[in-house]
Amino acid sequence: QVQLVESGGGLVQPGGSLRLSCAASGSTFSVYRVGWFRQAPGKEREFVGTINWNSGWTYYTDSVKGRFTISRDNAKNTVYLQMNSLKPEDTAVYYCAARKFTRDRPLYEYDYWGQGTQVTVSS
């Protein structure tokens with residue numbers, strides 16, 4: 001069982017940047033795939049991107065491609081979501097999620113979830 005805690009959310013201006021962190025406890029990320037999701041007010045939860053912990057391979061949804069970057073730090077057992085060129089439509093609660101690593105499941109399916117961190121993009 002892995003427990004996930006997101007941090008780093010806050011209020012930023014359009015065009016600004018923010019880095020979110022997802023720290024794991026109870027287990028290491030070394031045997032997991034980790035994903036990021038977001039949920040805006042009145043909207044369904046949306047897949048943002050994912051990282052293969054061991055290889056660092058990443059995949060992003062089209063709406064954030066080129067602006068967001070997922071990375072990981074093995075020593076800190078932490079996954080990051082670097083968000084640049086933020087837009088008001090990026091406003092949402094952001095969640096990290098994890099699942100046991102396999103390559104025979106869709107990239108948007110996860111089993112363990114954090115509590116979320118609020119990101120607000122507004123002038």
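Above this text is the structure in question.
Residues numbered from 1 in each chain as written. Predicted model: local features only at pLDDT ≥ 70, side-chain atom pairs only at ≥ 80, totals over all residues. Heavy atoms only, no water.

**Student:** What should I look at first to understand the side chain of N77 in this one?
**Tutor:** Structurally, N77 is set in the loop between β7 (68–73) and β8 (78–83). Note on N77: relative accessible area 13%, which makes it buried. When residues no more than four places from it in sequence are discounted, the contact partners of N77 are C22, A23, A24, S27, T28, F29 and W53. (Helix = DSSP H or I, 4+ residues; strand = E, 2+ residues; numbered from the N terminus. Buried < 20%, exposed > 50% of the residue type's maximum accessible area, 1.4 Å probe, protein only. Contact = heavy atoms within 4.5 Å.)

**Student:** Just checking my understanding: could you explain the packing of aromatic side chains for this structure?
**Tutor:** What the rule picks out here adds up to six aromatic pairs. For the ring pair Y32 and Y112, a centre distance of 6.2 Å and an interplane angle of 80° mean the geometry is edge-to-face. Separated by 80 residues along the polypeptide, Y32 in strand β4 (residues 32–39) and Y112 in strand β10 (residues 112–113) bring together distant segments of the chain. Assessed through its relative accessible area of 22%, Y112 is described here as partly exposed. Judged by centre distance (6.4 Å) and plane angle (25°), the rings of F47 and Y59 are stacked. Here F47, found in strand β5 (residues 46–52), pairs with Y59, found in strand β6 (residues 58–60); they are twelve residues apart in sequence, far enough to count as distant. We classify F47 as buried; its relative accessible area is 15%. For Y59, a relative accessible area of 39% puts it in the partly exposed group. Through a chain of ring-to-ring contacts, three or more aromatic side chains come together here, namely F37, F47, W57, Y59, Y110 and W113. Residue placement shows R19 over the ring face of Y80; its charged tip is 4.3 Å from the ring centre. Residue placement shows R45 over the ring face of W113; its charged tip is 4.7 Å from the ring centre. (Phe/Tyr/Trp six-rings, centres within 6.5 Å; stacked < 30°, edge-to-face > 60°. Lys NZ or Arg CZ within 6 Å of the ring centre and 35° of its normal.)

The values are spatial; any link to function lies outside them.
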